[in-house]
Amino acid sequence: MSNIYEERVTMIAAGDLQEFVPFGRDHCKHHPNALNLQLRQLQPASELWSSDGAAGLVGSLQEVTIHEKHKESWQLRKGISDVGEEVDYDEELYVAGNMVIWSKGSKSQASAVYKAFTVDSPVLQALWCDFSVPQDKSEKTGDSNEVVEKCICILQSSCINIHSIEGKDYIASLPFQVANVWPTKYGLLFERSSSSHDVPLNPTREPLPTLFSMLHPLDEITPMVCKSGAGLFGSARVQYVADYSMRIVFLNAEPSIVMTYDSTQCLHAIWALRRVKTEEQSAVLKLSEQVGTPQHAATSSSFTVQLRSLSKGDSPVGSPFQNYSSIHSQSRSASSPSIHSRSPSISNMAALSRSHSPALGVHSFSGVQRFNFSSHTQSPKRHSICQSPNSTSTDSIFTPETELIVPELCIDHLWTEALTNTREKNSQASKVFITTDLCGQRFLCYLVESQLQLRCVKFQESNDMSQLIFGSVTNIQAKDAAPVDSIDTMLVLEGNGNLVLYTGVVRVGKVFIPGFPAPSLSLSISNQMPCPSTPLDNINTPSKPLNKHLGPFDEGLLSPVPELRDSSKLQDSSYIDDCTFQQLATFIHSVRDPVQNRVTLDLSNGSMVRITIPEIATSELVKRCLQGIKYILPKEVAVQMLVRWYNAYNAPGGPSYYSEWNLFVTCLMNMMGYNTDRVAWTQNLDFEGSLSPVIAPKKARPSETGSDEDWEYLLNSDYHKNVESHPLAKALQLDPLEIKFPKDNLSPSHSLDSSTLLFPHIPTIFCVLHLIYEELKLNCLMGEGIRSLVVLLVQLARDLKLEAYLDYYCRDYPVLVKTSRQTCIIDPAQTGFMHHPSFFSAEPPSIFQWLSSCLKGEHVPPYPYLPGICERSKLLVLSVVLYIFGDERAVSNEASNYLTKITSGQRKQQIEQEEYGCSSRHSASTSSLAEKLVVWMTNVGFTLRDLESLPFGVALPIRDAIYHCRQQPASDWPEAVCLLIGRQDLSKQAREGNLPKCKASDTQVLSSDVPSTADSEEEDDGMNDMNQEVMSLIWSEDLRVQEVRRLLQSAHPVRVNVVQMPEVSDHEYIEEKENRLLQLCQRTMALPLGRGMFTLFSYHPVPTEPLPIPKLNLTGRAPPRNTTVDLNSGNIDVPPNMACWANFHNGVAAGLKIAPASQIDSAWIVYNKPKNAELANEYAGFLMALGLNGHLTKLATLNIHDYLTKGHEMTSIGLLLGVSAAKLGTMDMSITRLLSIHIPALLPPTSTELDVPHNVQVAAVIGIGLVYQGTAHRHTAEVLLSEIGRPPGPEMEYCTDRESYSLAAGLALGMVCLGHGSNLIGMSDLNVPEQLYQYMVGGHRRFQAGMHREKHKSPSYQIKEGDTINVDVTCPGATLALAMIYLKTNNRSIADWLRAPDTMYLLDFVKPEFLLLRTLARCLILWDDILPSSKWIDSNVPQIVRENSVSLHATEMPSSEDLNLETLAQAHVYITAGACLSLGFRFAGSENLAAFNCLYTFAKDFMKCLSSATASIAGHYNLETCLSVVLLSLAMVMAGSGNLKVLQLCRFMHKKTGGEMNYGFHMAHHMALGLLFLGGGRYSLSTSNSSIAALLCALYPHFPVHSTDNRYHLQALRHLYVLAAEPRLLVPMDVDTDTPCYALLEVTYKGTQWYEETTEELMAPTLLPELHLLKQIRVKGPRYWELLIDLSKGSYHLKSILSKDGVLYVKLRAGQLSYKEDPMGWRSLLAQTVTHRNADARAFKPEAISAFTSDPALLSFADYFCKPAANMGQKLEVFDLFSSILYECVTQENPEMLPAYIAIDQAVRRLERREMSETFDLWQIKLVLEFFNSRSHQERVRKNPHRGLFMNSEFLPVMKCSIDNALDQWLQAGGDVCLHSYLSGQPTDESQLRMLACFLVYHSVPTPGQLLAGGLEGSTNFSELLLKFKPLKLPVRALLRLAPLLLGNPQSMVL
């Protein structure tokens, strides 16, 4: 039995054995598909063919029976989480029949199906693939950032289905038969199957490409090109890959390489795969030029033509290419970013799913001959230069047809294996993978099964990282192999059935599988092993046919799986426990599916087992040490060392977790040449498992019986001392054991064996371990590891005779390091063999000492560090340099002044600048050093958790920087920085900023606070979704919001209050009531417009429910009996179609509730389409609204087409306006086409006349204006200019409502040339302004230019206009066009054309209404002259009017003979109204007080005038119009503010329903009301050019007379105000409670020509002024943390906050209450503590802490540590201390310092009790004190004296005093003697060691060696000592304490 044991010992034990069954197999059995196959038999074939690809389960009839045995295959990969964090599970992709099942699961969690797909025909292959989608470049970023779409691809015979994780799915049909698909870094790669299997090609045929790529499911499939070495003519040729004998056997993404096998030459080759360069594309496409014969033109083109012709001709449906390119002709262009990225909408599906039609199946491509119809192109194998006689005709065949397919991917040749003599026919690699060895060298391994060989090719990147260099090939005998990625090894199955672990090509050891017999042990097994001498029999067993195309399954190829036999016998547990007889017959057949360190073994009995290969190390400490040693040793030595360690660690029955370190030490020391059995402390390391023979070299092993020495060792051991001092020993009263022999008689020290592996490298390893020791000191959590490590270091230091290091360790751990200890002699002769590394320093590098010198400002040598291992040391060195020295170069690239990088001599110097360079990644500005430090640290990836594990002294500079940053952070820092500085408000803001614009946060989903009186039956009035919480903060004093809801609701019947007079009969009374209702309905129908404004963008719809549209209720209720009054009773005449526009507006209002950030898709829009036709108008409005909020771009072209062909007038209007608004200013071609069809002037003159309704034409013209807004597009401008004056046509065309068309053309022209003024490029010949002037004032019609003159030859038969311009039609459009073209240009000459006429004669020629427009236009051009005063408004009225007209205040009628008073009065009111309106535009959304007061007085004046006797002169209608205009201007100025005075005016107008009040006036009044509460107070108006254009369309001051009146202005345009609304409400949100709150903002305006730079305070939530006026916004203290948003750097950050509901997160400061709870600020806690300021902090009650902080840790600290109990006694003082510490931390708002305070206190107490066993905390206190004395800190304190850590307390001075006292007392009490003996180099008393070490560290005493070197012996007085100690940098206070000793004056002298 013993030999078996020996055998077992050298093996590696594999972990957790589990039976493996692919999860998908079980799932398939229960899949509905099984049932479905039975149904299939019953369906007639014809139906099956007609069902398209979407029909999922129903597939082709090729499946014969259900019982047919499925061919199954699967593949596994490492789990990939969506978020990107580390996950540890397997994902399985299982394929059987028509099904693909994707499941996830691991050892710890059960597998679960993630997705299951069923397709129509059998799945040939399924694989994962990532497609990278280039984002559109419209976001003004220079680089195209690519988004990766993770997809799963399912290959069938005729098409490939691609499903992305986001839920998009695509179907691409394949134009050829595919043999294999491979996922690449860029997309998919297809191998075309050569159907005739390598038929020798006819010499006249050009072979077709065999490899194709598809970079995105919507892209074309393009041929691949290859660039091979020098060709015939000495240059590298680029050509299509067309070699049939070349097969891909492996493809890898990182690095991106392909391995191919050439079946004719039987050689493997490796190629690099990359994107094609443009010059290579052109080279391939111009292949003809290379050879000089026209025939080669055919090579590429013939191929293309065939692909094309085949897809056009052979299949009735067209190929995917055609469908794709026709429907999405523009989908890749930047103009329509959204189409490409949406999920396939109806349009794609309609086109792409047809690709399942049978005509595209296999049968239509029955072979290669289909492709090759070009009869005589030459094969590339022989390039003949001769001309063939008939070659001239070739080009003409396909010239009209050809459009070449441009290749996208290219392969470059890298390596081909060497020719061998024994070439075997089928030596194709059956499995290929890439593996890395333990030292990071990479190998490409491929298994040639026929020769039982695994060939490993080493490769590495070239120095410039541009290409891969392949090296030598190593052969390993193997039957199968698989990589074990996570531990850099691979598993090899040898021919005899052994599993062996290799790292690279180095053998590690056999793998022992528990429960499996070791194959070599018993005969019975080896009999059944197949004999390796017959390699082919071995492989081609029936259960595993040799498949030529078997690929590397770890990359996702399927490999055939042996048919599974009944595996029930595996169920019984004995299978794993012991070897039953069944097992003896099993052997491992193959290994497969490696993931991380798990791999499946395929057993010969058909079952599978999954095993885990163990890790290299589990404990953090061992990992670190291995990493360091591996880094520094030469590669060969390192690999050997790791292999030995791995064998020792993973021996069967290996050590448990906690003895891992002991095992490591033993293993390491053995390799260095120690005999660990002889060294006392290693001998006593407690092992669980025995030491295996691998570790100890085969020496004489000590006798088994043991000896006295053993006992003696035990007594000498540390372990024994620990046991003796253990409290348990005292409790049990154990007698201390004495050692029998005196100590000196210890067995003689033994010497090291210098022949061992690591002996030469001992100093190197010692150095590395020391640096790791220093690194671990920077992590509080590694204390245990440091103590373990220091023991090893002491042993090595002693043996290397390094006194300085020994002294250093003594100071760190006085207790652990005993002075008299066993040393091992290193033979002096052998020391020559040791490599002393160049970086070895005599003085031990100490990180604490280094930082301390830094803080003192001394010059420091660079600190050594190991890249990748000592990252913390590096980070701290650089951060302290940056923060204390202020050297900013430290964190850029030149860190070499402060750090030396240690590299092993054998290794190339690898320059790694990545970590430094990253500081440039962050663009946000940083001013101070603190900011630079914090930003740099987060860029390097430093987090709060790292900071918490730093020792407090080291962390102090960083904490100080954080404290300073926290006071004044910048608003645009990334989330990580804000988290680090502890500003939750900012980090939450940054996090919200990175989220896509979906619902801003859960808090926004607030239920509607309908007043409680509301009955349940009160159904939706369309205003339930407002954010009540924010509105109640904005308008907290009253119920104005409820009032607005009441005024704007149109879903309830109105009250019809008519008193029946005695003389009125009942019938007449009913008529009277209905007439009254008709009047009221005029108002009800106008309400939806205002409601749309009020609820603008307030709702996020649920994608599964239709949008609720409230009913427009036109009935009434008459009191007292509440009887219903209805208009449809037939008693009175009701205009036809009265409500049709009202319904349209109602639909718009409902649609505008949808916020632009909602998630909406094409399907949802179609899903909302109402069933009954009455609601069509509402749906039309809904579509327009979707356009205005930008969602209509998601509607598929197909649906748009559908809607327009219905011919429903309203739908067309809504759709055209909506689509144009959504594409504002983009010049989108497809939309232009759409609009042109509806505008006769844009169609060619010969086109058929379409009968387009007039209103639709108007909408289309405005649409053109919107799409071309601001582009000054010449052709469009020319057409629109002529359309303003379009004459009426002969056949009644263009005769009705001409005014609205002309106005629309004018508005559209104004939009196209918006604000361009006189610099309209290239339009000078059109004379735009002159032509417009003529339209405005009249005159002779010019000859109609352009192509439409034919149409206008014959005059109209209806309207006699002659050849003059009809000014009544053209004037409004022309006036507004001029206003918009010259908007804000202050162009006086144009403005003077628009001045109101100043003679009576001229006044008679102008309609008074037009005076309003002219005044408005003139003021808009002279934008900067507008002043908010009534004086300015009056200055617009011409003198003659001012002097003679009736003032608005007059009471009696003046009389005059020669002047027409009526004309003058009308001119006066209209001009005044025009000026008021321009004032509204100028100050829109500004809440300017002067403008408000001015307009308010005019509104009052008009109202007085209306009720006075003089009203009849100007006319009631005119006065009402002007009043409405002034009211709208008021609402524009106060937009969104909900001003009470304006609300009262609106309410007053709402109540007026009789008389002159028609539908139009109601519309104006309620629009004013809506603007006042725009978006529920969240939106305001902008004054940008584009907004003014939109507002001019929406607020055109001529209102419709009745609800169907579109004569002068199309009603739908009233909604364009949306384009001028912008979110400007800033809502502070308390980050702790997540509720909106009040906060004080300080807003700074930039200086302008009217005012200086000014600052005003606003109480948020508030509407901000327009952002371009602002310089900065800050949240002001004292209640909230300050926060600055600086707009001088760009307003993008603030815009994104405002667009996401304006949520600005703020955080209450400690002890403050919010403004709601404490409006005056008298209740805050600090206010209370200041009022009665006690001498001590006892006034602070721990209960009160909850007001200061919400941190649960602090609250419980207060609970447990600060509340004294009754019988405390002396502990009371501790409680007081804790309370005051807590109080200080919380009020200073640095609670993170609490642990530091307590640590300092505890350390000082330990020192006073003399129980310091390590000097770690003393170092920290020392660093803290030094930090506060450092120069840079003193400067910071001078700048702001009351800010900073530890600043306001006496804590530090007290602690410093206590330490000094404790140490001085020790000196007096005999410590001086101990110190003296230390300094003179004599042994010291062990009991004093602890205090001695504390003294040495605290006072920075130099080592005895340094003192000797300083020559201090002969000093006689103190001054000499001072001089001599200067170079040693000893502080004076320490020298004072040493002086008595050094001056030979031993009596103690303590100053």
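Just so it is clear, the structure is predicted and the values come from calculations on it, not from any experiment. Numbers given for residues are sequential positions, taken from 1 along each chain in its written order. Restriction of local features to residues with pLDDT of at least 70 applies here, the model being predicted, together with a cutoff of 80 or more for giving and counting side-chain atom pairs; totals for whole chains, interfaces and linings are based on all residues. As a rule here, side-chain values come from all non-hydrogen atoms in the structure, and water together with hydrogens is ignored.

K.L.:
Honestly, the overall build of the chain in this entry has me stumped. Any pointers?
P.N.:
Helix and strand assignments follow DSSP, with helices taken as H or I runs no shorter than four residues and strands as E runs no shorter than two, numbered in order from the N terminus. Tallying secondary structure elements over the chain gives 71 helices and 46 strands in all. Taking all 1951 residues of the chain together, the buried fraction comes to 56%. Should any heavy atoms of two residues lie within 4.5 Å, those residues are considered in contact. A sequence separation of at least 24 residues applies to 70% of the contacts in the chain between residues at least 6 apart. Working definition of accessibility: Shrake-Rupley area with a 1.4 Å probe, residue cover restricted to the visible protein chains. Carbon together with sulfur atoms contributes 54% to the accessible area of the chain, which is approximately 83200 Å² in total. Remark: exposure states derive from per-residue accessible area (1.4 Å probe, protein chains only) relative to the maximum for the residue type, with buried under 20%, exposed over 50%, and partly exposed in between.

K.L.:
I'm lost on the sheet that holds strand 3 (residues 72-78) in this one. Help?
P.N.:
Hydrogen bonds along the backbone pair up the strands of a sheet, which may run parallel or antiparallel. Strands were regarded as paired on the criterion that DSSP finds at least two bridges between them. Sheet architecture is open: four strands sit in the order 3-4-5-6, paired in antiparallel fashion. One side of each edge strand has no neighbouring strand; the edge strands of this open sheet are strand 3 and strand 6 (112-118). Between one strand and the next, the sheet's axes are offset by a mean angle of 15°, whatever the strand orientation. In this analysis an axis means a line fitted to C-alpha atoms, helices contributing only their contacting stretch, and an angle means the value between N-to-C directions, from 0 to 180 degrees.

K.L.:
Sorry, what's going on with the environment of Ile-165 here?
P.N.:
Residue position: Ile-165 is located in the loop between strand 9 (159-164) and strand 10 (169-173). The partly exposed category is assigned to Ile-165, whose relative accessible area is 31%. Considering only alpha carbons, one finds Ile-165 and Cys-151, 14 residues apart in sequence, at a separation of 5.9 Å. Once residues lying within four places of it in the same chain are set aside, the contact partners of Ile-165 are Trp-102, Tyr-114 and Lys-150.

K.L.:
I would appreciate a short explanation of the nonpolar core in the present structure.
P.N.:
A general tendency of soluble globular proteins is for nonpolar side chains to be buried together. Leu-1309, Leu-1332 and Phe-1481 are the most contacted members of the largest nonpolar core, which has 224 residues in total. With 13 residues, helix 53 (residues 1461-1482) is the single largest residue contributor to this core. Among residues more than four places away in sequence, those in contact with Leu-1309 are Ala-1277, Leu-1280, Leu-1281, Ile-1284, Val-1328, Leu-1332, Ala-1377 and Ile-1381. In this description, a nonpolar core means a group of buried Ala, Val, Leu, Ile, Met, Phe, Trp, Tyr and Cys residues linked to one another through side-chain atoms lying within 4.5 Å.

K.L.:
I tried to follow the pattern of salt bridges on my own but got confused; where do I start?
P.N.:
For side chains of opposite charge, pairing can occur when their charged atoms come near one another. Criterion for a salt bridge: a side-chain nitrogen of Lys or Arg within 4 Å of a carboxyl oxygen of Asp or Glu. Across all of its chains, the model carries 52 salt bridges by this definition. As a salt-bridge pair, Arg-25 and Glu-72 come within 2.9 Å of each other at their nearest N and O atoms. One end of the pair, Arg-25, is in helix 2 (residues 23-29); the other, Glu-72, is in strand 3, and 47 residues separate them in sequence. The structure contains a network of salt bridges with shared partners spanning Lys-227, Arg-274, Glu-280 and Asp-412.

K.L.:
I keep staring at the packing of aromatic side chains and nothing clicks. Help me out?
P.N.:
Note on aromatic pairs: each is described by the distance of the centres and the angle between the planes. Note on aromatic pairs: the rings of Phe, Tyr and Trp (six-membered ring only in Trp) are paired at centre separations within 6.5 Å, and the planes decide the class, stacked below 30 degrees, edge-to-face beyond 60, tilted for the rest. Taken as a whole and judged by the stated rule, the model has 38 aromatic pairs. With 5.9 Å between their ring centres and 75° between their planes, Phe-1761 and Phe-1778 make a pair best called edge-to-face. Here Phe-1761, found in helix 62 (residues 1752-1761), pairs with Phe-1778, found in helix 63 (residues 1772-1787); they are 17 residues apart in sequence, far enough to count as distant. Residue classification places Phe-1778 among the buried residues on the basis of a relative accessible area of 8%. Cation placement over rings: the criterion is NZ of Lys or CZ of Arg within 6 Å of the ring centroid and within 35° of the ring normal. The side chain of Arg-1679 reaches across the aromatic face of Tyr-1715, ending 4.2 Å from its centre. Seen from the ring of Trp-1681, Arg-1709 lies directly overhead, with NZ or CZ sitting 4.2 Å from the centre.

K.L.:
Even after reading the chapter, I still don't get the packing of helix 47 (residues 1367-1381) against helix 50 (residues 1408-1421), so can you show me in this structure?
P.N.:
Working note: a packed helix pair is described by the angle between its axes plus the distance between those axes. Two elements in contact, helix 47 and helix 50, have axes whose closest approach is 8 Å; the angle formed by their N-to-C orientations is 15°. Judged by the inter-axis angle, helix 47 sits roughly parallel to helix 50. Seen from above, helix 47 lies across helix 50 with left-handed handedness. Facing helix 47, whose interface residues are Val-1367, Asp-1368, Cys-1371, Pro-1372, Thr-1375, Leu-1376, Leu-1378 and Ala-1379, helix 50 presents Phe-1410, Leu-1413, Arg-1414, Ala-1417 and Ile-1421. When residues are grouped by polarity, Ala, Val, Leu, Ile, Met, Phe, Trp, Tyr, Cys and Pro land in nonpolar, Asp, Glu, Lys and Arg in charged, and all others, Gly among them, in polar. Of the residues belonging to the contact of helix 47 with helix 50, the class tally is ten nonpolar, one polar and two charged. Here roughly perpendicular refers to angles of 65 to 115 degrees, roughly parallel to angles under 35, roughly antiparallel to angles over 145, and oblique to all remaining angles. A clockwise turn of the near helix away from the far one marks a right-handed crossing, whereas an anticlockwise turn of less than a right angle marks a left-handed crossing.

K.L.:
When you look at the sheet that holds strand 26 (residues 489-493) in this model, what are you seeing that I'm missing?
P.N.:
One open sheet holds the five strands; their spatial order is 1-28-27-26-25, and the pairing between them is mixed. Two strands in the sheet have a free side with no partner beyond their single neighbour: strand 1 (12-13) and strand 25 (480-484). On the sheet, helix 17 (residues 635-649) packs against strand 1, strand 27 (499-503) and strand 28 (506-512) and is oriented at approximately 10° with respect to strand 28.

K.L.:
What am I meant to see in helix 17 here?
P.N.:
Every α-helical turn comprises 3.6 residues, leaving residues that sit three or four positions apart pointing alike. Take the residue count of a helix, subtract one, and multiply by 1.5 Å to get its expected span. A rise of 1.5 Å per residue sets the reference length of helix 17, with its 15 residues, at 21 Å; its end C-alpha atoms lie 21 Å apart and thus fit the reference within 8%. Most of helix 17 sits out of view: eleven of its 15 residues are buried. Within helix 17, the full set of buried residues consists of Val-637, Ala-638, Val-639, Met-641, Leu-642, Val-643, Trp-645, Tyr-646, Asn-647, Ala-648 and Tyr-649. Looking at the buried residues of helix 17, the elements they touch are strand 1, strand 27, strand 28, helix 16 (620-632) and helix 18 (660-672).

K.L.:
Quick question: what am I supposed to make of the pairing of strand 9 here?
P.N.:
The two faces of the sheet receive side chains in turn, since in a regular strand these alternate between them. Among the six residues that make up strand 9, six are buried, leaving the element largely enclosed by the rest of the structure. Taking every second residue as pointing to the same face, both faces of strand 9 are buried, with Cys-159, Asn-161 and His-163 on one and Ile-160, Ile-162 and Ser-164 on the other. Here strand 8 (residues 146-155) pairs with strand 9 via five bridges, running antiparallel. Bridge pairing links Ile-154 to Asn-161 in strand 9. In sequence, strand 8 turns back onto strand 9 through a hairpin of three residues. The sheet contact formed by strand 9 and strand 10 spans five bridges and is antiparallel. Bridge assignment links Ile-160 to a residue of strand 10, and that residue is Ala-172.

K.L.:
Where do I start with the packing of helix 53 against helix 54 (residues 1489-1507) in this structure?
P.N.:
Where helix 53 contacts helix 54, the two axes come as close as 11 Å, and the packing angle between them is 150°. Overall, the two elements helix 53 and helix 54 adopt an arrangement that is roughly antiparallel. The crossing of helix 53 and helix 54 is left-handed. Contacts between helix 53 and helix 54 involve Val-1469, Thr-1472, Cys-1476 and Leu-1479 from the first element and Ala-1491, Cys-1494, Leu-1495, Phe-1498 and Phe-1502 from the second. By residue class, the composition of the contact of helix 53 with helix 54 is eight nonpolar, one polar and no charged.

K.L.:
Would you mind going over unusual backbone geometry with me for this structure?
P.N.:
Most peptide bonds adopt trans geometry, and most residues besides glycine take a negative phi value. Here the bond from Pro-1119 into Pro-1120 is cis, since omega is 0°, no more than 30 degrees from zero. Mapped onto the secondary structure, Pro-1120 falls in the loop between strand 35 (1116-1118) and strand 36 (1123-1125). Residues Ala-1660 and Pro-1661 are joined by a peptide bond in cis, for which omega reads 5°. Within the secondary structure layout, Pro-1661 lies in the loop between strand 42 (1655-1660) and strand 43 (1662-1663).

K.L.:
It is not clear to me how the environment of Thr-1385 should be interpreted in this structure. Could you clarify?
P.N.:
Following the sequence through the fold, Thr-1385 ends up in the loop between helix 47 and helix 48 (1388-1393). Overall, the relative accessible area of 31% leaves Thr-1385 in the partly exposed class. Note: C-alpha distance between Thr-1385 and Trp-1423 (38 residues apart in sequence) is 7.4 Å. Once residues lying within four places of it in the same chain are set aside, the contact partners of Thr-1385 are Gly-1315, Gly-1317 and Ile-1421. Polar contacts here mean pairs of N or O atoms no more than 3.5 Å apart (in protein, one a potential hydrogen donor and the other a potential acceptor; neighbouring residues in sequence count only if both atoms are side-chain atoms). Here Tyr-1382 takes part through its backbone oxygen, which lies 2.6 Å from a polar atom of the side chain of Thr-1385.

K.L.:
Teacher, can you tell me more about a nonpolar patch on the surface here?
P.N.:
Exposure above 30% relative accessible area and no salt bridge define the residues that can form patches, which grow by joining like charges within 9 Å and nonpolar side chains of Val, Leu, Ile, Met, Phe, Trp and Tyr within 5 Å. Together, Tyr-1401, Leu-1402 and Phe-1405 make up an exposed nonpolar region whose accessible area comes to about 380 Å². Note on placement: Tyr-1401 falls in helix 49 (residues 1400-1403). Overall, Tyr-1401 belongs to the exposed group, its relative accessible area being 59%.

K.L.:
How should I be thinking about helix 67 (residues 1851-1879) in this particular structure?
P.N.:
In this model, helix 67 (29 residues) spans only 33 Å end to end at C-alpha, well below the 42 Å of a helix rising 1.5 Å per residue. Along its length, helix 67 shows its largest kink, about 85°, at Gly-1870. At the exit of helix 67 stands Gly-1881, carrying a positive phi of roughly 80°. Here the bend at a residue is taken as the angle between two axes, fitted respectively to the seven residues that end there and the seven that start there.

K.L.:
Would you take a moment to explain the environment of Asp-1424 for this structure?
P.N.:
As for its placement among the helices and strands, Asp-1424 is situated in the loop between helix 50 and helix 51 (1430-1435). On the basis of relative accessibility, which here comes to 26%, the residue Asp-1424 falls in the partly exposed class. Within polar-contact distance, the side chain of Asp-1424 engages the side chain of Asn-1386 at 3.0 Å.

K.L.:
Help me understand the state of the cysteines in this model?
P.N.:
As used in these notes, a disulfide is a covalent bond between sulfur atoms, one from each of two cysteines. We call a pair of cysteine sulfur atoms a disulfide whenever their separation is within 2.5 Å. Tallying each qualifying case throughout the model produces zero disulfides. Cys-1522 supplies the cysteine sulfur nearest to Cys-1505, a cysteine that is in no disulfide, at a spacing of 9.5 Å.

K.L.:
Looking at this model, I keep getting lost on the confidence of the model for the chain. Mind explaining?
P.N.:
Note: predicted coordinates in regions of low pLDDT should not be interpreted at a detailed level. A residue-level look at the chain finds 73% of positions with pLDDT of 70 or above and a mean pLDDT of 76. Confidence of the predictor at the level of single residues is captured by pLDDT, which takes values from 0 to 100. Every residue in residues 196-204 scores below 50 in pLDDT, and together they form 13 contacts with partners more than four places removed in sequence or on other chains. Low pLDDT, under 50, characterises residues 996-1018; the predicted model gives this stretch 31 contacts beyond four residues in sequence or across chains.

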